There are 6 protein chains.
Amino acid sequence: MTRPVLLTGASGALGRQLAPALAAAGLTLRLTDIAPFPDALAANASFTRADLEDGVAILRLAEGCGTIVHFGGVSVERPFEEVLGPNIRGLYHIYEAARREGARVVFASSNHTIGFHERKVTLDADCPFRPDGFYGLSKAYGELMGRLYWDKHGVENVNLRIGSSFPRPVDSRMLSTWLSYADLCRLVLRCILAESTGHAVIWGASDNSRTWWRRDHRGRIGWAPADTADVFAAELEGKLSGNPVSERYQGGAFCAIEYSRKEPSPADPFAD
Amino acid sequence: MTRPVLLTGASGALGRQLAPALAAAGLTLRLTDIAPFPDALAANASFTRADLEDGVAILRLAEGCGTIVHFGGVSVERPFEEVLGPNIRGLYHIYEAARREGARVVFASSNHTIGFHERKVTLDADCPFRPDGFYGLSKAYGELMGRLYWDKHGVENVNLRIGSSFPRPVDSRMLSTWLSYADLCRLVLRCILAESTGHAVIWGASDNSRTWWRRDHRGRIGWAPADTADVFAAELEGKLSGNPVSERYQGGAFCAIEYSRKEPSPADPFAD
Amino acid sequence: MTRPVLLTGASGALGRQLAPALAAAGLTLRLTDIAPFPDALAANASFTRADLEDGVAILRLAEGCGTIVHFGGVSVERPFEEVLGPNIRGLYHIYEAARREGARVVFASSNHTIGFHERKVTLDADCPFRPDGFYGLSKAYGELMGRLYWDKHGVENVNLRIGSSFPRPVDSRMLSTWLSYADLCRLVLRCILAESTGHAVIWGASDNSRTWWRRDHRGRIGWAPADTADVFAAELEGKLSGNPVSERYQGGAFCAIEYSRKEPSPADPFAD
Amino acid sequence: MTRPVLLTGASGALGRQLAPALAAAGLTLRLTDIAPFPDALAANASFTRADLEDGVAILRLAEGCGTIVHFGGVSVERPFEEVLGPNIRGLYHIYEAARREGARVVFASSNHTIGFHERKVTLDADCPFRPDGFYGLSKAYGELMGRLYWDKHGVENVNLRIGSSFPRPVDSRMLSTWLSYADLCRLVLRCILAESTGHAVIWGASDNSRTWWRRDHRGRIGWAPADTADVFAAELEGKLSGNPVSERYQGGAFCAIEYSRKEPSPADPFAD
Amino acid sequence: MTRPVLLTGASGALGRQLAPALAAAGLTLRLTDIAPFPDALAANASFTRADLEDGVAILRLAEGCGTIVHFGGVSVERPFEEVLGPNIRGLYHIYEAARREGARVVFASSNHTIGFHERKVTLDADCPFRPDGFYGLSKAYGELMGRLYWDKHGVENVNLRIGSSFPRPVDSRMLSTWLSYADLCRLVLRCILAESTGHAVIWGASDNSRTWWRRDHRGRIGWAPADTADVFAAELEGKLSGNPVSERYQGGAFCAIEYSRKEPSPADPFAD
Amino acid sequence: MTRPVLLTGASGALGRQLAPALAAAGLTLRLTDIAPFPDALAANASFTRADLEDGVAILRLAEGCGTIVHFGGVSVERPFEEVLGPNIRGLYHIYEAARREGARVVFASSNHTIGFHERKVTLDADCPFRPDGFYGLSKAYGELMGRLYWDKHGVENVNLRIGSSFPRPVDSRMLSTWLSYADLCRLVLRCILAESTGHAVIWGASDNSRTWWRRDHRGRIGWAPADTADVFAAELEGKLSGNPVSERYQGGAFCAIEYSRKEPSPADPFAD
């Protein structure tokens, strides 16, 4: 695995964790973001400012890369028009680049692709999508584009359904969804180094006993989380949102944004 | 069911079948398309030219409607940028309109959302998406937006995974996928008239004994096809494409467009 | 009057006066601006960043509101292209939202809609428009869109021809045009609370004895100014601009921007 | 008056009447339109295809012209977004061109600027605007831009509030509003040849005894209509639209498009 | 030379000559244009509609090609804004594609890159550019982009400064500039088949004794014209334009478009 | 020379040198930039924020000016799409403005128009262009647009091929290319004041004995540099980049950006 790694979204919160960690692992890094990179660059890293919507520029940036770690784009719920450019068009540019290079994509997908599943069910990675907003919908689109490029062009891609990656968990929900920065960095590193991945989906969470997520493709890449939110349980388990929609669904507060149903949607889509 | 029906894509091949059929059923119709409507208008139908990308205009057009039959947009495989505007942005406008009106969406989805499933497997409607191009991907996105609007806002929507809707089948593949115009019109009429639908997915095919598709939500709306491609079997069963990719997959020729894999992708996404 | 109030331009100078004043009056407020809201939010207020040019987002933001207080957009003279998007297209989105909601519009119009009337004449609110720049022209357009939506759809709207709303008057002209912040806030509150307004035009000035403005629709809403610029007269009456165009016309310095006439235009448009 | 005349909208119905008439009067003509000119060119006329939205191209096209006869843009009611580009931005380009050249603008305004006045009142040209749609609103904007450029830059402009200019009247309303092609051509010719016009507004109608329009600036240019719709009265006076909104207002059918009021708006804007 | 050839502008006048000629030479052809291809396709040719401004689509279309014969874009003098997209942005896409593929570019440049040289001088291919309009300027830009991609990336390119390629010459100027269709086809074929070209510039004219052009790089590719305009001399040499600017300069009528100089520019740029 | 001077790019590093220097010379200045002007304004200077892509605004800003000193736009190597708007479209607006005003253009061209000439050759100003990136290519385009407007419209323009204009030279290369701020200011002043210039090209460098540049049109304007980089030679001559591409070519580090050739391109374009 000697080809350079392109990391998009390098100037974001997670990108700034990944950049030094991947550099420390000896990888040659090309960092990019629409915002300047605020940190010191490692010796084996370079930074180029670019817009994900400029396809020809993105394709050029990816030349010679063996992996594209795609953490760029909008990462919270925003109006549709703000999501469309970076997360839909931008994603297409990433996949075209990967196809051209024979590169693997490591994609920052999200639990918000399945956020409208209830917390009381435990999900395997091949569960139906239940996006909880325009952001989650764009991430589901991203996973399916990965599926398309795998089926049609053999482009490998690992879709990380990241739960809540923060320095530490801060509320009850994160006891189920927290992904420590260290686990994130090890996960991405394994995604890069694994011999082959095919089209894979992996839950991006630490080893939390309250998890809602179960079977996925982590075996393919040889990763297991080392951290756990459990040590924060006593402190946080009473820290609820107070919003019944948030508390019912795995997507939490994202589900509640502009929620307008009187009653929850029925659980079983085949309930005729 | 007395509120008017908005039919997008009215000037297309299927729209021109639906417009007179729905009008004959006594529905009040608002037809729209970016191209002029080439046929005579029924007494209970009006036509307004509009662009699916003009959201405020689409929302206005839908005012007071109880159903939006959304057959507009790009309906074949095209470069990504040609699909994005009508099929992604345009779809969002349709769903915003439906949410505003409390209207139901009847969506012309496509078998190309699942085109990379092999022909040898039989699929239920809750099978994983396997889009076979940018067009199919946009339709999968549309189904998931329907899922989102159902879960978050209670917007009902029926997603018709249309096989091949033509005057008659013309090759071997259509013996499995053909949907007669008469079956299509009855199907859409039932989608409009059904008391409730929730988020439903229905295979849009006639009663073809060679079908690859099985369980779906047709029971909810009370529809069953009356026609069959079987009567064309003798004539067409030897009429193959000659392309092994087309013949392997349910999506047929769409799968083969720019196909660049050396070997087919493995069947089971969980095969670690 | 219990429906929420949408306030656009909340992060601007006048928006920041209105937001706490309207909140203190017990109204439920939705604040929006393209720039972040720099102040603390009242308990009954929320803020959503949005672009006036994104029509579907604006329509969504206005859902359920009973009044739209529209202070957003460009508020000084700028090149045409900078005015067009926020003040023409954005205004259309506001009126579409109001029509959809059956809401009233309170519109920050401007004395610059009539700025080319000479100071020596006293104007009633139904005087002809005499815009003094692209900004003033956009505000006249806004008043006429209000007229259209009233005539065609019954959308009520109050057009406030604001003079000079600053903490205190700072030159001779403002002895005629000053609107104190307190008078502004009371005026907008009355516009919201008045039982009915129809299409109204009100001069936005305090009780200045040197005013150039007379009859308007303030009676409909039950407002009269409480402050006056007169107390600043001794200090400011000699503080002239020195520019004869500015001093001749009610619009002041805006009239002089790129003014290129050799002689003033004749006063009477019917002087054949 | 020897400088060339630029005629926009030359390929439209009225442009094709004006082009040969003005050429026959000995004027040097530059014709332009976004569509090709379908007729034979007179010896003193040239045609250049151009888009009104391309400002620098329009400014170049107008170089050296003494008059711009502006009949280009959208001329019927259309969704807002279709009107904005040609009729708002395009108009600005026309006025910038006129200012640069010291040219006069002859503007195809419309009765739809005042369409929501009732038929029972008779209007002078300085009556308040009452636009009846986005088209009429764009024309009111155009008249006010003319006012601005006159007041600020001394650009002369004549605003022709055209009634119904067709080969012959075809319904009862046109007995009041018809403008014969011959009267139109004479009117525009006088607008070009008049020594000075200032900012003028003229009702564009033939000498119809059922007119709703009275005083205007025609005296300044020395024009009076020679034709009349009266000769069609017996044939047409019973030919009503059947729509009470259309019949109540001067704008006719344009007023009725998407009209959603329960009751007519009150007549007097000062009725507190 | 077995890799496919991408031909842009295939549906234009010259493209329609080249497509069958290159196919007849046994080359595998990918044809593209923004307009449909109106002719029958050869067995070894395919056609894909595409827009030169869609960079990612163009890059995809060129995959695997060994030569890009770039005849697409605007081919006559047009307003700047109409030239910018296809001829400047589009050209960039072509060169990025060529760089990615290690392909050679055969570029339809034009005599209008040097049109403001006087007819009385004879030019070598390394003469200074003297573009005669926005079109010619875009072609000079194209030649220089070829120079850049050669110097920086080793992309070979042959720039054909086409004179007048028509079925036959039709005026006196073409006795100097005519390029027969047969000579054009042989020239492009040699550009494709030549072993190496570097950055080359070749006058695209038949063997006309009245030529204004002399030394170029045709030796590198082994081409010499077989036809001549001389046989039309008796018929055409008196057929002058009558315009002194056209007659003075090599660019002919293009030089005269909007020409506004009082006197010709001096010949020697170093004449201090 | 009493007409005002328009200076674009006024807020940039060189603009901030030129603004006070030209003001001190008694010229009336109109400054413009897309960024605010950070310095105090001289009495005879005004500043207007504007976007070079807004053509009609730029044309207005230039009204009455006798010279446009065009230092605006992108001034370093950037992706193509970032260069296109300001440096290609923006430049066109500058030349249209100059043509309209009969003004002279003083253009900040660059040594990067000829950056791929080797350092071992000495160049005259009429040497072939050898741009070293998209930036340099945009500047070559700018010089050729100057040539076009001179030949077709008689617009005078002086193209300053600026070397390295910084407070002091900082590496070995700048011993050849440095242009002191004082020399720059005197040069631009002479360009403005010279009686006539035609289309001129001048090397923008101080009197450096290690220069690579020789003959140009400085004689026409009566300028000679007063400063020299030679005094920094001892300190800087060992300060090399360490990159062989940078060291080989006059454009230095710009040539090395994404350079992908295995061997340098051959020197002589006529080497068949």
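These numbers were taken from a predicted model, which means no experiment stands behind them. (Residues numbered from 1 in each chain as written. Chains lettered and ligands numbered in written order. Predicted model: local features only at pLDDT ≥ 70, side-chain atom pairs only at ≥ 80, totals over all residues. Heavy atoms only, no water.)

A look at the overall build of chain A
Looking only at helices and strands, chain A has 10 helices and seven strands in total. Per-residue burial for chain A yields a buried fraction of 63% across its 272 residues. Put simply, of all contacts in chain A between residues at least 6 apart along the chain, 67% involve residues at least 24 apart. Surface summary for chain A: the accessible area is close to 9,500 Å², and the carbon and sulfur share equals 53%. (Helix = DSSP H or I, 4+ residues; strand = E, 2+ residues; numbered from the N terminus. Buried < 20%, exposed > 50% of the residue type's maximum accessible area, 1.4 Å probe, protein only. Contact = heavy atoms within 4.5 Å. Areas by Shrake-Rupley, 256 points an atom, 1.4 Å probe, with all protein chains shown as cover.)

Focus on the interface of chain F and chain E
One widely used convention gives an interface's size as the accessible area the parts lose upon coming together. If you look at the interface, chain F gives 45 residues, while chain E gives 45 residues. Carbon and sulfur atoms supply 62% of the area that chain F and chain E bury against each other, a total of about 4,500 Å² over both sides. On the surface where chain F and chain E come into contact, there are four salt bridges. Close ionic contact of F:Arg130 with E:Asp151 constitutes a salt bridge, the shortest N to O distance being 2.8 Å. Scanning the region where chain F abuts chain E turns up 22 residue pairs in polar contact (both at pLDDT 80 or more). Listed by contribution, the elements that provide at least two residues to the side of chain F that touches chain E are α3 (80-101), α4 (134-153) and α10 (253-256) of chain F. With 13 residues, α4(F) is the single largest residue contributor to the side of chain F that touches chain E. (Buried area = accessible area lost by both parts, 1.4 Å probe. Salt bridge = Lys/Arg side-chain N within 4 Å of Asp/Glu carboxyl O. Polar contact = N/O pair within 3.5 Å; in protein donor to acceptor, adjacent residues only side chain to side chain.)

Some thoughts on the relation of the copies chain A and chain B
The transform that puts chain A on chain B rotates by 180 degrees and translates by 0.0 Å along the axis, for an RMSD of 0.0 Å. What we have between these two chains is a two-fold relation. Closest approach to the rotation axis among the C-alpha atoms of chain A is made by A:Tyr141, whose C-alpha sits 3.1 Å away. (Least-squares fit on C-alpha atoms with pLDDT ≥ 70 in both.)

Thoughts on the interface of chain A and chain B
Contacts between the two partners involve 46 residues from chain A and, on the opposite side, 46 residues from chain B. Buried area between chain A and chain B, both sides added, is near 4,500 Å², and the carbon and sulfur share of it is 61%. Inspection of the chain A/chain B interface yields four salt bridges. Summed over the shared surface of chain A and chain B, the number is 22 residue pairs in polar contact (both at pLDDT 80 or more). No other element matches the 13 residues that helix α4 (residues 134-153) of chain A contributes to the side of chain A that touches chain B. Of the residues that constitute the side of chain A that touches chain B, the class distribution is 25 nonpolar, six polar and 15 charged. (Nonpolar A, V, L, I, M, F, W, Y, C, P; charged D, E, K, R; others polar.)

Thoughts on the nonpolar core
The biggest cluster of nonpolar side chains holds 234 residues, and the ones touching the most others in it are A:Met145, B:Met145, C:Met145, D:Met145, E:Met145 and F:Met145. In contact with F:Met145, other than residues within four places in its own chain, are E:Phe80, E:Phe134, E:Leu137, F:Leu91, F:Tyr92 and F:Tyr95. (Core = buried A, V, L, I, M, F, W, Y, C linked by side-chain atoms within 4.5 Å.)

A word on the pattern of salt bridges
All names here are of chain A. A full pass over the atoms with the stated rule returns 138 salt bridges over all chains. For aspartate 39, the salt bridge is made with arginine 16, and the minimal N-O distance between the two is 2.8 Å. Of the two residues, aspartate 39 sits in the loop between β2 (29-33) and β3 (45-49) while arginine 16 sits in helix α1 (residues 13-24), which places them 23 residues apart along the sequence. By relative accessible area, aspartate 39 is classed as partly exposed at 29%.

Looking at helix α1 (residues 13-24) of chain C
Residues and elements named next belong to chain C. The terminal C-alpha atoms of α1 lie 18 Å apart, and with 12 residues this matches the ideal 16 Å at 1.5 Å per residue to within 8%. Taken as a whole, α1 has its buried residues at Leu14, Gly15, Leu18, Ala19, Leu22 and Ala23. Looking straight down α1, one finds its buried side chains confined to an arc of 140 degrees; they lie on one side. Looking at α1, the residues exposed on the side facing more than 90 degrees away from the buried face are Ala13 and Ala24. Check the buried side of α1 and you find it contacts β1 (5-8), β2 (29-33), β4 (67-70), β6 (157-162) and α6 (181-193). At the exit of α1 stands glycine 26, carrying a positive phi of roughly 90 degrees. (Expected span 1.5 Å × (residues − 1). Arc of directions from axis to C-beta.)

Details of the relation of the copies chain F and chain E
The transform that puts chain F on chain E rotates by 180 degrees and translates by 0.0 Å along the axis, for an RMSD of 0.0 Å. Interface overlap between copies: 100% of the residues of chain F at the interface are likewise at the interface in chain E, consistent with a symmetric, same-surface contact.

Re the arrangement of the chains
No part of chain A reaches chain D; the closest C-alpha pair between them is 17 Å apart. At their nearest point, the C-alpha atoms of chain C and chain E are still 17 Å apart, with no contact between the two.

As for the environment of D:Ala45
Residues and elements named next belong to chain D. Relative to the assigned elements, alanine 45 resides in strand β3 (residues 45-49). Residue classification places alanine 45 among the buried positions, given a relative accessible area of 13%. In this structure, the C-alpha to C-alpha distance between alanine 45 and arginine 30, residues 15 residues apart in sequence, is 5.8 Å. Excluding anything up to four places from it in sequence, alanine 45 contacts Leu29 and Leu31.

Side note on the UniProt feature "domain: NAD-dependent epimerase/dehydratase" (unreviewed entry) in chain A
In this structure's numbering, the residues bearing the UniProt feature "domain: NAD-dependent epimerase/dehydratase" (unreviewed entry) are residues 5-178 of chain A. Secondary structure within residues 5-178 of chain A divides into 37% helix and 18% strand; the distance between the first and last C-alpha atoms comes to 26 Å. (UniProt positions renumbered as here; feature names shortened; annotations may be inferred.)

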